[in-house]
Amino acid sequence: MQEFQNIIKELGIQPSALLINTISFVLLVWLMKRFMFKPVGLFIEQRRQRIHEQLDAAESDRAGAAAERAEIAARREELLAAAQDEAQDVKHTATQDAEQTRKTARDHARDIEKLARAQTVKEAEEASQQLREEANDTAAAMARRLLQATLTDERHRALMDQFIADVEKLAGQQGS
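Bear in mind that the values here come from a model prediction, so they are computed numbers and not experimental data.

A. Representation of the overall build of the protein. For the protein, the helix and strand inventory stands at four helices and zero strands. Order of helices (α) and strands (β) in the protein, N terminus to C terminus: α-α-α-α. By the compact-globule yardstick of 16 Å for 176 residues, the protein is too spread out, its C-alpha radius of gyration being 32 Å. Of all 176 residues assigned to the protein, the portion counted as buried reaches 15%. Across the protein, every contact between residues at least 6 apart in sequence was considered, and the portion connecting residues at least 24 apart equals 75%. Accessible surface, the protein: about 13700 Å² in total, of which carbon and sulfur atoms supply 56%. Each charge class in the protein was averaged separately, 25 positive and 30 negative side chains, and the resulting centres sit 5 Å apart.

B. Structural detail: the environment of E59. Within the element layout of this structure, E59 appears in helix α2 (residues 15-86). In this structure E59 comes out as partly exposed when scored by relative accessible area, which is 47%. Linking E59 and D111, residues 52 residues apart in sequence, is a C-alpha distance of 16 Å.

C. Looking closely at a nonpolar patch on the surface. A contiguous nonpolar surface patch, about 370 Å² in accessible area, is contributed by I7, L11, I13 and L18. With respect to the helices, strands and loops of the structure, I7 is situated in helix α1 (residues 2-11).

D. Summary view of α2. Between its first and last C-alpha atoms α2 spans 102 Å; for 72 residues at 1.5 Å apiece the expected length is 106 Å, and the two agree. When α2 is considered as a whole, its buried residues turn out to be M32, M36, F37, V40, I44, R47, A58, A65, R76 and L80.

E. Up close: the pattern of salt bridges. Within the structure shown, the criterion is met by eight salt bridges. The partner of R48 in a salt bridge is E45, and the shortest N-O contact between them spans 2.4 Å. Of this pair, R48 and E45 both sit in helix α2, separated by three residues, roughly a single helical turn. Of the residues examined, R48 reaches a relative accessible area of 25% and is grouped as partly exposed. Linking D107 and K103 is a salt bridge whose minimum nitrogen-to-oxygen distance equals 3.8 Å. Placement of both D107 and K103 in helix α3 (residues 91-148) is noted, with a separation of four residues, approximately one turn of the helix. Overall, K103 belongs to the partly exposed group, its relative accessible area being 44%.

What counts as what
- Residues numbered from 1 in each chain as written.
- Predicted model: local features only at pLDDT ≥ 70, side-chain atom pairs only at ≥ 80, totals over all residues.
- Heavy atoms only, no water.
- Helix = DSSP H or I, 4+ residues; strand = E, 2+ residues; numbered from the N terminus.
- Rg over C-alpha atoms; globule rule 2.2 N^0.38 Å.
- Buried < 20%, exposed > 50% of the residue type's maximum accessible area, 1.4 Å probe, protein only.
- Contact = heavy atoms within 4.5 Å.
- Areas by Shrake-Rupley, 256 points an atom, 1.4 Å probe, with all protein chains shown as cover.
- Lys, Arg positive; Asp, Glu negative; His and termini not counted.
- Charge placed at Lys NZ, Arg CZ, Asp CG, Glu CD.
- Patch = residues over 30% accessible without salt bridge, like charges linked within 9 Å, V, L, I, M, F, W, Y side chains within 5 Å.
- Salt bridge = Lys/Arg side-chain N within 4 Å of Asp/Glu carboxyl O.
- Expected span 1.5 Å × (residues − 1).

Next up, the structure:
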């Protein structure tokens with residue numbers, strides 16, 4: 001114990017200041033965790049849920065488009081059968097009508113699928129952009145708070161390293 005006290009004296013460290021700084025740092029980390037990281041994590045989780053809901057809605061729209069495509073195909077088949085029954089004398093004309101109906105159904109189904117995909121991509125891009133903007137705003141606010149506090153270079157580096165690790169951890173959770 002005496003050796004430890006001698007080392008501290010030689011380094012010019014005041015035990016009371018070390019204790020106060022340690023307590024202050026632990027309190028700062030606890031406050032940041034409670035008032036910054038927890039709400040940010042909650043916000044990210046809510047945003048993730050909204051994105052999943054939007055993706056589910058897009059999948060539902062896609063399923064609806066597939067059902068409509070199947071309905072159109074069934075209707076096409078009915079029209080083709082009716083045209084063949086009614087117009088055996090004019091088989092050539094009926095064949096042209098059926099081909100036109102098939103083409104229309106394929107084009108319509110293709111258009112619906114393109115629209116659903118474009119909507120999904122657009123919503124995903126908007127959600128991604130909004131998330132980036134919100135993350136940037138949060139990072140800027142945290143940086144402002146850190147710069148306002150009086151920090152030593154060593155403590156500042158330690159806080160920044162911790163912040164980067166937390167952001168990477170949150171980004172890893174978001175990617176999951």
